[in-house]
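# Chains, contacts and geometry: an overview
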Amino acid sequence: MKVIKIGIVLVSVFCITMLIGRQAAFSQEMSNYELEQEIKALKEKIEGTSDLSDRLTFSGAIELDYSYADDSDIGDNTVDDSKSDLDIGTVELGIEVAFHQYVTGNFILKGEDLDTDDDRIFWDEATITIQKEGFPLYFVGGKRGQPFGVFESHLINDPITQDCYEIVKPGATIGYATDLFDISATVYKGEELVGHLEEAEYGFARDNSPAYEETDDVSSYIGNITIFPFEGLTIAAFYNSEPGDGDRNETAGGMFHYEYSKITLDAEYIAAIQRERHFTDKKEYKESAWFAAAAFQVIDPLEIAARYEAFDDDIAGEQDGHLEYRYSIGFTYTLFEKDDFATNLMGEYRISNYEKQSGSIADDKLNEAFLRLAIEF
């Protein structure tokens with residue numbers, strides 16, 4: 001809060017100084033008395049923003065990540081070459097602004113891999129929400145993770161459904177929410193889901209005709225319904241449709257989240273309903289991904305978690321490097337916690353199993369270990 005007040009003072013000094021510096025220009029059109037009144041009014045207006053700090057909420061995170069893999073190239077099992085890495089995985093700064101009692105802005109600036117040549121700083125979220133308390137209709141517009149998939153996780157790495165199907169794109173959502181359910185419809189532009197699925201490199205690849213050009217029109221949409229039957233239980237179903245090469249790419253899924261005492265259970269399944277046909281073989285491959293996970297709060301600062309996840313590429317036979325299934329175990333230990341500040345130490349061990357063609361030199365298994373020191377506020 002002190003930083004905000006200091007900022008307001010500096011802005012005030014700057015504005016008043018600039019206005020006084022322009023006195024000669026102003027005096028050609030107004031008297032000294034009128035100029036003094038203008039400066040006084042401006043000063044009162046700036047000082048009147050002292051309640052700005054009451055309308056701002058800051059948050060953030062810094063993550064230091066270590067990772068180890070027993071094989072640096074799963075495509076070649078003739079070389080026994082492990083690899084490890086240590087870097088600042090994520091730096092995040094968020095601000096929530098209460099513009100009005102019905103209008104809220106959320107902005108998250110994010111940095112990834114900041115000590116590598118591929119470091120990125122970008123707006124991970126920038127949205128405006130319009131919702132009146134006690135009124136069920138709401139609107140959310142801007143860039144964010146759109147409401148397709150929930151991706152609950154108690155481990156360092158994201159679940160496979162998020163790797164494959166997360167949609168982070170500017171969009172517009174209209175919803176209707178009560179204590180029992182939340183129904184929403186969202187539109188966005190482009191072919192984000194299938195592009196993200198291909199980038200995950202688990203076994204899905206597009207094979208479009210040479211003449212096909214991806215659309216950038218606002219012709220993609222999402223439908224979502226989330227139900228809260230009773231305290232601790234959340235069930236959701238979601239549907240996505242994007243333009244494709246000939247046929248639209250349609251995807252649907254559902255999730256289950258349950259909390260009871262010190263136990264949390266999560267499951268999510270997402271699958272293709274319709275896919276554009278491959279240009280080469282004229283076939284339609286309907287992939288799917290799912291996970292099931294459990295977390296247990298052993299003692300107040302320590303939580304342990306386990307997750308099993310799988311991917312089906314819907315392609316006959318074995319394909320080198322296509323993920324089949326994966327299982328992980330991990331923990332989160334809270335080192336320090338006070339008010340909204342927390343420092344957590346996290347660990348995860350993960351085993352991934354891949355398809356392997358007969359006679360191939362590719363690996364069919366990868367062992368990995370991860371450690372993270374995370375500061376959140």
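Up top is the structure these notes are about.
Okay, so let's go over this structure. Throughout, a residue's number is its position along its own chain's written sequence, starting from 1. Under the rules for a predicted model, residues below a pLDDT of 70 receive no local features and side-chain atom pairs below 80 are neither given nor counted, while totals for whole chains, interfaces and linings still include all residues. For the side-chain quantities, the full set of heavy atoms in the structure was used; hydrogens and water were omitted.

Moving on, we get to the packing of aromatic side chains. Within 6.5 Å between ring centres, the rings of Phe, Tyr and Trp (the latter by its six-membered ring) count as paired, and their orientation is classed by plane angle as stacked under 30 degrees, edge-to-face over 60, tilted in between. Overall, the coordinates contain 9 aromatic pairs when judged by the stated rule. Between F230 and Y258, the aromatic rings sit 6.4 Å apart at their centres with planes inclined by 80°, giving edge-to-face as the arrangement. With F230 in the loop between β8 (220-227) and β9 (233-242) and Y258 in strand β10 (residues 249-260), the pair connects residues that are 28 residues apart, well separated along the chain. Summarising the aromatic geometry, the rings of Y308 and Y325 are spaced 6.0 Å apart at their centres and angled 20° between planes, so their arrangement reads as stacked. Note that Y308 is positioned in strand β13 (residues 302-312) and Y325 in strand β14 (residues 323-338), a separation of 17 residues in sequence. What counts as a helix is a DSSP run of H or I of at least four residues, what counts as a strand is a run of E of at least two, and both are numbered from the N terminus.

The next subject is helix α5 (residues 192-199). Buried residues of α5: L193, V194, H196 and L197, and no others. All buried residues of α5 lie within an arc of 160° about the axis, which places them on one face of the element. Buried residues along α5 sit against α4 (160-165), β9, β10 and β13. A positive backbone phi angle near 60° is found at E201, which sits one or two residues after α5. When accessible area is computed with a 1.4 Å probe and restricted to protein chains, residues below 20% of their type maximum are described as buried, those above 50% as exposed, and intermediate ones as partly exposed. The arc under discussion is defined with respect to the helix axis, by the directions toward the C-beta atoms. In what follows, residue pairs with any heavy atoms lying within 4.5 Å of each other are defined as contacts.

The patches described consist of residues with a relative accessible area above 30% and no salt bridge, like charges being joined within 9 Å and nonpolar side chains (Val, Leu, Ile, Met, Phe, Trp, Tyr) within 5 Å. Note that accessible areas follow from Shrake-Rupley with a 1.4 Å probe, and for residues the cover is restricted to the protein chains shown. Basic side-chain nitrogens of Lys or Arg form a salt bridge, by our definition, when they fall within 4 Å of a carboxyl oxygen of Asp or Glu. Residues counted as positive are Lys and Arg, residues counted as negative are Asp and Glu, and His and the chain ends are not counted. Working definition for charges: the position is that of NZ of Lys, CZ of Arg, CG of Asp or CD of Glu. Together, D85, D113, D115 and D119 line one region of the surface with negative charge. Within the element layout of this structure, D85 appears in strand β2 (residues 83-100).

We now examine the nonpolar core. The nonpolar core is taken to be a set of buried Ala, Val, Leu, Ile, Met, Phe, Trp, Tyr and Cys residues, with the residues joined through side-chain atoms within 4.5 Å. Ranked by size, the top nonpolar core spans 23 residues in total, and within it F148, I160, C164, Y165 and F311 carry the most contacts. Listing elements by their share of this core, those giving two or more residues are α4, α5 and β9.

Moving on, we get to the pairing of strand β16 (residues 365-376). Alignment of strand β1 (residues 56-69) against β16, held across 9 bridges, turns out to be antiparallel. Paired with L64 across the strands is L373, a residue of β16. The pairing criterion is simple: DSSP has to find at least two bridges between the two strands. Direction of pairing for strand β15 (residues 341-354) relative to β16: antiparallel, over a ladder of 12 bridges. Across the sheet, residue I351 finds its bridge partner in β16, namely N367.

Glancing now at the pattern of salt bridges. Using the criterion set out here, one finds 11 salt bridges in the structure. With a shortest N-O distance of 3.3 Å, E214 and R206 are connected by a salt bridge. With a relative accessible area of 52%, E214 lands in the exposed category. A salt bridge links R275 to E287; its shortest N-O distance comes to 2.8 Å. Here R275 is found in the loop between β11 (263-274) and β12 (288-299), whereas its partner E287 is found in the loop between β11 and β12, with 12 residues between them in sequence. Here R275 and E287 have matching classes, each one buried. Each of E191, R206, E214 and E276 takes part in salt bridges that share partners, so that together they form one network.

Here the focus is the side chain of H322. You can see H322 is positioned in the loop between β13 and β14. Classification of H322 as buried rests on a relative accessible area of 16%. We define a polar contact as two N or O atoms separated by no more than 3.5 Å, with the added condition that, inside protein, one atom must be a possible hydrogen donor and the other a possible acceptor, whereas residues neighbouring each other in sequence contribute only through side-chain atom pairs. Here the side chain of H322 touches D313 through a polar contact of 2.8 Å, side chain to side chain.

Moving on, we come to unusual backbone geometry. Positive phi is not limited to glycine here, since K282 has a value of about 60°. The residue K282 is located in the loop between β11 and β12 in this model.

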